[in-house]
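Observations on the three-dimensional arrangement
Each chain, written out:
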Amino acid sequence: MNRAEREHIEIDLLLEAVFRRYGYDFRSYARASIERRTRVFQHTSGCATIAEMIPKVLYDEGFFSQLAQTLSVTVTEMFRDPFFYLSFRENVVPLLKTWPHFKVWHAGCATGEEVYSLAIVLKEEGLLERATLYATDFNDRSLSIAKEGIYDLDSLRKATESYQLAGGKKSFSLYYHAQYDAAAMDAELKKRLTFSNHNLASDHVFGDMQLILCRNVLIYFNRELQNRALGLFTESLVHGGFLCLGSKEELQFSSVRDEYVKLDPKAKIYKRTATP
Amino acid sequence: MSEGDKESSPWRVPSPPRSGTYGAVAIGASAGGLRSLTAILQGLPADFSVPILLAQHLHSTDEGRFADHLSELTSRTVVDAIDKVSIQPRTLYVAPADYHLLVERDGTLALSIDARVNYSRPSIDVLFESAAHVFGPRLIAVILSGASSDGARGMLVVKELGGVGIAEAPKNAEFPLMPQAAIDLAHIEIVLPPDRIAKKLSELCIPAQRALSEPAQHGGSK
Ligand SMILES: C[S@@+](CC[C@H](N)C(=O)[O-])C[C@H]1O[C@@H](n2cnc3c(N)ncnc32)[C@H](O)[C@@H]1O
């Protein structure tokens with residue numbers, strides 16, 4: 001048996017140990033990415049083999065929490081895919097304007113950059129006051145960064161171009177307050193925002209939402225877990241509500257595809273059909 | 001741990017199944033790679049059917065234009081790689097800008113927005129390593145022109161797992177740094193200019209392809 005085959009077994013056993021010991025189920029994640037991150041973690045942790053990580057996971061909670069941090073990809077950015085926000089302004093905003101109040105579920109919000117981007121768009125469209133935003137993730141460390149809303153100043157400056165490409169109407173620096181190398185997002189953006197822990201692999205539906213965003217999360221799930229998450233979204237979304245996915249994510253192969261029409265095939269904006 | 005589990009054990013240890021042709025050709029390219037890539041694609045015979053996976057460093061605003069451009073240069077099907085879609089023969093898959101391209105064991109593609117590797121997304125290391133873990137000795141990895149050392153570590157993994165490594169000859173490359181880094185780290189023996197890379201790929205793949213597609217008519221085994 002070659003090294004790759006053996007490692008495959010080791011990773012199966014490791015993920016099984018993580019699941020049975022801590023309840024986090026990475027067994028249904030897209031495997032190639034999980035394997036890569038496991039190997040990266042193995043090297044930084046100094047373990048000679050992946051198998052050597054198994055007893056550590058079982059007996060050392062600190063070790064597990066570092067591993068879980070590596071396995072949950074925390075990468076995100078402000079106004080990623082500016083064309084998505086442009087399309088959102090064009091295709092979703094006009095309908096949101098017809099509702100006196102609406103609820104938004106932002107699933108897999110990571111460290112919050114995307115939620116603040118959305119809040120900025122809603123504010124510029126005069127909709128923020130009518131919105132209640134529930135941002136969730138299963139990573140508590142990310143959530144606490146999101147809640148604080150303090151980011152590296154350099155990365156915010158770099159996002160200025162994306163903000164403008166996303167149809168931004170003002171000066172981006174109006175939305176944060178810089179101090180030394182960091183900047184805090186404007187308090188007004190946070191007023192309509194609540195952050196909480198929700199695991200798409202094990203938790204349940206979230207309530208009557210008019211808009212659900214879940215971008216670049218499903219790409220990390222296998223088809224089965226994708227269908228679970230999409231089932232949750234569909235149950236949580238009112239008829240006529242909107243679902244926004246990442247630009248490389250599709251409903252086409254999912255079990256809920258017939259429930260939606262595609263509003264923008266490139267920006268991956270879907271609308272739940274109006275009648276049950 | 002060594003691979004030496006074979007020493008006289010009273011129990012049978014499974015050995016890997018022997019399989020025919022190569023499963024994929026993975027190509028990594030960066031600055032100056034388009035010229036080399038064009039030469040390779042135009043040098044491949046029409047019946048070359050092994051799928052090709054390409055990680056080319058692109059600007060994040062590319063939005064599929066590179067794949068469109070490539071498809072004008074070759075009669076081969078060229079597509080932007082899609083997440084969870086099975087790899088088909090005769091097709092070249094391009095890693096979309098701002099996504100890593102990986103391979104799953106069930107023969108499907110996977111995309112990810114994991115952090116950049118060597119300042120790059122797509123990263124050639126990520127593609128090579130993941131393809132090596134799936135295809136092992138059935139992978140050919142090719143590293144072309146570039147001004148970075150992305151791909152060198154991936155190439156090392158390809159070689160460690162029994163795959164074939166090919167590098168564009170640095171003296172032919174517009175930017176020699178990338179192939180040179182891979183040659184140094186992974187001790188690549190096959191170092192060629194792009195047109196000869198095309199020939200080499202055919203030599204490696206076509207006979208096995210034929211053997212696979214015509215076994216019945218010729219009485220099966222040879
Ligand atoms: C790559 S980030 C995407 C962040 C953001 N939506 C974006 O597009 O920039 C993936 C996020 O999904 C979260 N995630 C992964 N598995 C999850 C699960 N089972 N339940 C909830 N969130 C999850 C991770 O913690 C991470 O914050």
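Residues numbered from 1 in each chain as written. Chains lettered and ligands numbered in written order. Predicted model: local features only at pLDDT ≥ 70, side-chain atom pairs only at ≥ 80, totals over all residues. Heavy atoms only, no water.

Structural notes on the overall build of chain B
Counting its regular elements, chain B contains six helices and nine strands. With 222 residues in all, chain B has 54% of them scored as buried. Here the contacts in chain B between residues at least 6 apart in sequence split such that 69% fall between residues at least 24 apart. (Helix = DSSP H or I, 4+ residues; strand = E, 2+ residues; numbered from the N terminus. Buried < 20%, exposed > 50% of the residue type's maximum accessible area, 1.4 Å probe, protein only. Contact = heavy atoms within 4.5 Å.)

Structural notes on the sheet that holds strand 5 (residues 182-185) of chain A
All names here are of chain A. Taken together, three strands build an open sheet; the order of strands is 3-5-4 and the sheet is antiparallel. Two strands lie at the open edges of the sheet, namely strand 3 (150-152) and strand 4 (176-179), each paired on one side alone. Going from strand to strand, the sheet's axes swing by 30° on average, the running direction of each strand aside. Pairing between strand 3 and strand 5: three bridges, direction antiparallel. Bridge assignment links isoleucine 150 to a residue of strand 5, and that residue is alanine 184. Most of the contacts of helix 9 (residues 153-165) go to strand 3, to which it runs at about 80°, and overall it touches strand 3, strand 4 and strand 5. (Pairing = 2+ DSSP bridges. Axes fitted to C-alpha atoms, helices over the stretch in contact; angles between N-to-C directions.)

Brief notes about the packing of helix 4 (residues 152-160) of chain B against helix 5 (residues 177-186) of chain B
Residue and element names in this part refer to chain B. The geometry of helix 4 relative to helix 5 is characterised by a closest axis approach of 8 Å and an angle of 40° between their N-to-C directions. Looking at the two axes, helix 4 sits oblique to helix 5. Crossing of helix 4 over helix 5 shows right-handed handedness. Together, Ala152, Arg153, Met155, Leu156 and Lys159 of helix 4 and Ala181, Ala182, Leu185 and Ala186 of helix 5 make up the contact between the two elements. Across the contact of helix 4 with helix 5, the residue classes tally to seven nonpolar, no polar and two charged. (Parallel < 35°, antiparallel > 145°, perpendicular 65-115°, else oblique. Left-handed = near helix turned anticlockwise from the far one by under 90°. Nonpolar A, V, L, I, M, F, W, Y, C, P; charged D, E, K, R; others polar.)

Some remarks on the side chain of arginine 37 of chain A
Tracing the sequence through the fold places arginine 37 of chain A in helix 2 (residues 31-45). In this structure arginine 37 of chain A comes out as buried when scored by relative accessible area, which is 7%. Not counting chain neighbours up to four residues away, the residues in contact with arginine 37 of chain A comprise Thr70, Leu71, Ser72, Val73 and Tyr220 of chain A together with Asp114 of chain B.

Focus on the pattern of salt bridges
Here the structure, examined in full by the defined rule, presents 31 salt bridges over all chains. Two residues, glutamate 16 of chain A and arginine 27 of chain A, come together in a salt bridge whose shortest N-O distance is 3.2 Å. Taken as a pair, glutamate 16 of chain A in helix 1 (residues 3-22) and arginine 27 of chain A in the loop between helix 1 and helix 2 lie far apart in primary sequence, 11 residues in all. Overall, arginine 27 of chain A belongs to the partly exposed group, its relative accessible area being 36%. Across the salt bridge formed by arginine 215 of chain A and aspartate 81 of chain A, the nearest N and O atoms sit 2.9 Å from each other. Of this pair, arginine 215 of chain A sits in the loop between strand 7 (209-214) and helix 11 (223-236) while aspartate 81 of chain A sits in the loop between helix 4 (61-71) and helix 5 (82-91), and the two are 134 residues apart along the sequence. Take arginine 215 of chain A and aspartate 81 of chain A: they sit in the same class, and that class is buried. Because the salt bridges share partners, they merge into one network encompassing Arg3, Glu7, Asp12, Arg31, Glu35 and Arg39 of chain A together with Glu160 of chain B. (Salt bridge = Lys/Arg side-chain N within 4 Å of Asp/Glu carboxyl O.)

Things to note about the sheet that holds strand 6 (residues 193-197) of chain A
All names here are of chain A. Here seven strands make up an open sheet; going across it, the order is 6-2-1-7-8-10-9 and the pairing mixed. With one partner strand each, in any of the chains shown, strand 6 and strand 9 (260-264) form the two edges of the open sheet. Strand after strand, the sheet turns through a mean of 20° between neighbouring axes, direction not considered. Two strands pair when backbone bridges link them, and strand 8 (residues 237-245) and strand 10 (residues 269-272) are joined in this way by three bridges, in the antiparallel orientation. In the strand pairing of strand 10, phenylalanine 242 is matched with lysine 271. Contacting strand 2 (131-137) and strand 6, helix 8 (residues 140-148) crosses the sheet at an angle of about 170° to strand 6.

Let's talk about the interface of chain A and chain B
Between chain A and chain B, the contact holds 34 residues from the first and 29 residues from the second. For the pairing of chain A and chain B, the buried interface totals around 2900 Å² over both sides, and the portion due to carbon and sulfur atoms is 49%. Three residues, Arg3, Arg36 and Lys248 of chain A, lead the burial of chain A against chain B; their summed loss comes to 23% of the area buried on that side. Run the count over chain A and chain B and you get five salt bridges. Put simply, chain A and chain B have 15 residue pairs in polar contact (both at pLDDT 80 or more) between them. Where the side of chain A that touches chain B is concerned, the elements lending two or more residues are helix 1, helix 2 and helix 11 of chain A. (Buried area = accessible area lost by both parts, 1.4 Å probe. Polar contact = N/O pair within 3.5 Å; in protein donor to acceptor, adjacent residues only side chain to side chain.)

What about the environment of alanine 187 of chain A?
Within the fold, alanine 187 of chain A resides in helix 10 (residues 187-190). With 10 residues separating them along the chain, alanine 187 of chain A and histidine 177 of chain A place their C-alpha atoms 9.6 Å apart.

A short note on the site of the ligand
As a matter of local geometry, the ligand sits amid 21 residues, with Tyr29, Thr76, Asp137, Arg215 and Asn216 of chain A nearest to it. The environment around the ligand is built from residues contributed by chains A and B. A distance of 2.9 Å separates a nitrogen atom of the ligand from a polar atom in the side chain of glutamate 114 of chain A. Considered on its own, the ligand offers 600 Å² of accessible surface; in the complex 99% of this is hidden by protein. (Near = heavy atom within 4 Å. Areas by Shrake-Rupley, 256 points an atom, 1.4 Å probe, with all protein chains shown as cover.)

Observations concerning the confidence of the model for chain B
All names here are of chain B. Per-residue confidence for chain B gives a mean pLDDT of 89, with 87% of residues at or over 70. In this model, residues 216-222 is a region of pLDDT below 50 whose contacts with residues beyond four sequence positions or in other chains number two contacts. The ipTM value of the predicted complex is 0.93, and its pTM value is 0.92. (pLDDT = per-residue confidence, 0-100.)

Observations concerning the packing of helix 3 (residues 124-135) of chain B against helix 4 of chain B
Residues and elements named next belong to chain B. Running from N to C, helix 3 and helix 4 cross one another at 10°; their axes reach a closest spacing of 7 Å. On the basis of their axis angle, the class for helix 3 and helix 4 is roughly parallel. Contacts between helix 3 and helix 4 involve Asp125, Phe128, Glu129, Ala132 and His133 from the first element and Ala152, Arg153, Gly154, Met155, Val157 and Val158 from the second.

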